[in-house]
Amino acid sequence: ARIQYHDFVVQATSVKRLCRTRRTITVNGQYPGPTLEVNDGDTLVVSVVNRARYNVTIHWHGIRQMRTGWADGPEFITQCPIRPGGSYTYRFTIEGQEGTLWWHAHSSWLRATVYGALIIYPRQGSTYPFTEPKRETPILLGEWWNANPIDVVNEAARTGGAPNVSDAYTINGQPGDLYSCSSSETIVVPIDKGETSLLRVINAALNQELFFAVANHRLTVVGADASYLKPFTSSVIMLGPGQTTDVLITGDQPPALYYMAARPYQSAQGAPFDNTTTTAILEYLSAPCPSRGMPSTPMMPTLPAFNDTAAAAAFTQNLRSPNSVPVPTDIDESLFFTIGLGLFNCPSNFRTDQCQGPNGTRFTSSMNNVSFVLPSSYSILQAYHQKIPGVFTTDFPAVPPVQFDYTGNVSQSLWQPVPGTKVYKLEYGSNVQLVLQDTSIVSGENHPIHIHGYNFYVVAEGFGNFNPATNTAKFNLVDPPMRNTVGVPVNGWAVIRFVADNPGVWIMHCHLDVHITWGLAMAFLVENGIGELQSIESPPEDLPPC
Ligand code: C2O
């Protein structure tokens, strides 16, 4: 195993997209940011210097961070932000993870442009559990705004309404040639006749689930969220923000140009969204290029309609671990969290332009009716470690305060969640089962729920209200997939299980960033076990002060 050192300079850079140039926050002037490549077992040491005018932190999405929560990155959860002019060094070891993850800013909406791939190759001396691909390409799906994304989210916070939707989706930072002014910058992905290539697809979009396909090519799905899967083929995949999917494609088609394309899966009825399609070109190396007389229009893949919930569910149901896995069975903590949006009645001292949600309200969102508020004076982890009172409370409810028909016609009284900085305490080593239940308050929606510091098994998913009497029998306790982000189906539920073996403070949130803005988050506080190997390490000396 090696120790790898990297320098990240967060800075404003001029980036031109869709015919306009905008000052954009980047890492090292690159958009998307640098790809990190490591082997399982390596240690990463990334020194981050903030030369931008915003507070920033960097999160290593999906890295377990065993006992190194100080390096996890979400602002005011595990650290205070790196102020303009400040710096902080993230140091962590990759332990038993292989596949595709990514890193991104975890402050406000900076991750719109501050993100990159984090590729974990098998431990040195070990190989993939599938045929070694000839070529590998990270495919980062993103979302581009002509305006500064920070202004977009600040404006939404001021008005209480929904933020402006993006102006384009991107593949590796480029919208592709279906948008104006993008044709010369379209990403080209090479493939050779007969060869197999690994696409490491990452959904780095801020607020949008996406379908992805490659014209005329079957995708063999072999991994997700840096866990291997039992391989299966599919013509289309769906990823929520935060999720990654590794697919193999084979150059078995007549040499020509083929589009790979992504466009929205939008499950919230009536919600505005950016209904455009981003493309890149799969180009056969053996084929003469268009300027040498080939047809210049690539073939377009068929993608499901934006509201095709059945297509999304059909894909997800195919995900299985390659072999049987140790799913925890003696459950110590049986938790049930509702997730969803809500509407605040606008306070009387607010002006109409501050009440731009539906019918003069303000959008909010919650888990178990608690709308999460970040602390501002200490991070929760610091407050816990240094025993500083008054920063958070430990009364996050294990079950909803009121039970109701979650996916039915919900009463308006349930639309007013209570703001709070509440955590749920877990004893070291406890076996946790968590039912995540979408609600139809305001609108049902597929929510990509992400837990920091943990992978979990997704043992079941379904539509409607979770019913223990009938749904428990269908749990897959043999070979469920392991993930760090689960798409809770629209007007449905997902059941996950994990062992609380990583002490620290771990945020769980919806990875649609607009929902974090509205409070769709909570945090687990996993207490130290016995002895050093079960306790969180001491904080690094350069941990940014608040
Ligand atoms: Cu990918 Cu809390 O983040």
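Keep in mind that what you see is a predicted model, and the values were worked out from it rather than measured.

What counts and how
- Residues numbered from 1 in each chain as written.
- Predicted model: local features only at pLDDT ≥ 70, side-chain atom pairs only at ≥ 80, totals over all residues.
- Helix = DSSP H or I, 4+ residues; strand = E, 2+ residues; numbered from the N terminus.
- Rg over C-alpha atoms; globule rule 2.2 N^0.38 Å.
- Buried ≥ 20, exposed ≤ 12 C-beta atoms within 10 Å, placed from the backbone.
- UniProt positions renumbered as here; feature names shortened; annotations may be inferred.
- Pairing = 2+ DSSP bridges.
- Axes fitted to C-alpha atoms, helices over the stretch in contact; angles between N-to-C directions.
- Core = buried A, V, L, I, M, F, W, Y, C linked by C-beta atoms within 7 Å.
- Contact = placed C-beta atoms within 7 Å.
- Domains from an automatic or database assignment.
- pLDDT = per-residue confidence, 0-100.
- Arc of directions from axis to C-beta.

Draft legend 1. Representation of the overall build of the protein in the model. When you go through the protein residue by residue, the secondary structure sums to five helices and 32 strands. Taken over the C-alpha trace, the protein has a radius of gyration of 22 Å; the compact-globule value for 546 residues is 24 Å, and the two agree within 12%. Principal axes of the C-alpha set define a box for the protein whose edges measure 70 × 55 × 55 Å. For the protein, the proportion of its 546 residues judged to be buried stands at 51%.

Draft legend 2. Highlighting the UniProt feature "domain: Plastocyanin-like" (unreviewed entry) in the protein. Per the UniProt record, the feature "domain: Plastocyanin-like" (unreviewed entry) sits at residues 10–124, 136–285 and 396–528. Between the C-alpha atoms that bound residues 10–124 the distance is 31 Å, and the span itself is 0% helix and 46% strand. Between the C-alpha atoms that bound residues 396–528 there is a distance of 19 Å. The span itself is 7% helix and 41% strand.

Draft legend 3. Spatial organisation of the sheet that holds strand β16 (residues 237–239). Pairing within the open sheet is mixed, and its five strands lie in the order β11-β19-β18-β13-β16. The strands lining the two open edges of the sheet, one partner per strand, are β11 (188–191) and β16. Ignoring strand direction, the axes of neighbouring strands in this sheet form an average angle of 25°.

Draft legend 4. Spotlight on the nonpolar core. Counting residues in hydrophobic clusters, the biggest one holds 145 residues, and the most contacted among them are Leu141, Phe212, Ile237, Ile496, Met522 and Ala523. No other element matches strand β18 (residues 257–265), which puts six residues into this core. Once residues lying within four places of it in the same chain are set aside, the contact partners of methionine 522 are Met367, Val370, Phe372, Phe396, Lys422, Val423, Tyr424 and Met508.

Draft legend 5. Just the sheet that holds strand β12 (residues 196–203), in detail. Taken in spatial order, the six strands line up as β10-β9-β12-β17-β14-β15 in an open sheet, and their pairing is mixed. Strands with a single pairing partner mark the edges of an open sheet, and in this sheet they are β10 (168–171) and β15 (227–234). Strand after strand, the sheet turns through a mean of 25° between neighbouring axes, direction not considered.

Draft legend 6. Seen up close, the domain arrangement of the protein. In terms of domains, the protein is made up of domain 1 (1–126), domain 2 (130–321) and domain 3 (333–534). Computed from C-alpha atoms alone, the centre-to-centre distance between domain 2 and domain 3 is 28 Å. Taken residue by residue, the interface counts 33 residues in domain 2 and 31 residues in domain 3. Only α1 (149–159), β15 and α2 (309–317) provide two or more residues apiece to the side of domain 2 that touches domain 3. Take the side of domain 2 that touches domain 3: its biggest share by element is five residues, from α1.

Draft legend 7. Looking closely at the pairing of β18. Counted residue by residue, β18 has eight buried out of nine residues, so it is predominantly covered. Note that β18 and strand β19 (residues 278–284) share six bridges and pair antiparallel. By the bridge assignment, alanine 262 is partnered in β19 with threonine 278.

Draft legend 8. Just the confidence of the model for the protein, in detail. Here the protein averages 96 in pLDDT, while 98% of its residues score no lower than 70. Here the predicted complex scores 0.97 on pTM and 0.99 on ipTM.

Draft legend 9. Layout of α2. Taken together, the buried positions of α2 are occupied by Ala312, Phe315 and Thr316. Across the axial projection of α2, the buried residues extend over an arc of 95°, all falling on one side. Every exposed residue of α2 that faces more than 90 degrees away from the buried side is listed here: Ala310 and Gln317.

Draft legend 10. A look at the pairing of strand β5 (residues 58–61). The side-chain alternation of β5 yields two buried faces, one formed by Ile58 and Trp60 and the other by His59 and His61. Across four bridges, the pairing between β5 and strand β7 (residues 99–105) is antiparallel. Looking at the pairing, histidine 61 lines up with tryptophan 102 of β7.

Draft legend 11. Broad picture of unusual backbone geometry. Put simply, tyrosine 31 and proline 32 share a cis peptide bond, and its omega is -5°. Structurally, the position occupied by proline 32 is in the loop between β2 (20–27) and β3 (36–39). Located in the positive-phi region is arginine 67, a residue other than glycine, with phi close to 65°. One non-glycine residue, alanine 226, lies in the positive phi region at around 60°.

Draft legend 12. Spotlight on α1. Listed as buried for α1 are Pro149, Val152, Val153 and Ala156. Projected down its long axis, α1 carries its buried residues within an arc of 90°, all on one side. For α1, the elements touching its buried residues are α5 (513–517). Trailing α1 by a residue or two, glycine 160 shows a phi angle of about 80°, which is positive.

Draft legend 13. Focus on the environment of glycine 73. Mapped onto the elements, glycine 73 comes out in the loop between β5 and β6 (87–93). Glycine 73 sits 54 residues away from cysteine 19 along the chain, and the two C-alpha atoms are 34 Å apart. Sequence-distant contacts of glycine 73, defined by excluding residues within four places in its chain, comprise Thr57, Ile58, His59, Trp60, Thr78, Gln79, Tyr90 and His106.

Draft legend 14. Quick peek at the environment of asparagine 455. Structurally, the position occupied by asparagine 455 is in the loop between β26 (447–451) and β27 (456–463). Expressed as a C-alpha distance, the spacing of asparagine 455 and isoleucine 63, which sit 392 residues apart in the sequence, is 8.9 Å. Among all residues touching asparagine 455, those that are not within four sequence positions of it are Arg64, Ser227, Met482, Arg483 and Asn484.

Draft legend 15. Main features of the environment of glycine 453. Tracing the sequence through the fold places glycine 453 in the loop between β26 and β27. Residues glycine 453 and isoleucine 507, spaced 54 residues apart in sequence, show a C-alpha to C-alpha distance of 8.4 Å. With near-sequence residues (within four places) excluded, glycine 453 lies in contact with Arg64, Gln65, Gly69, Asp72, Asn502, Gly504 and Trp506.

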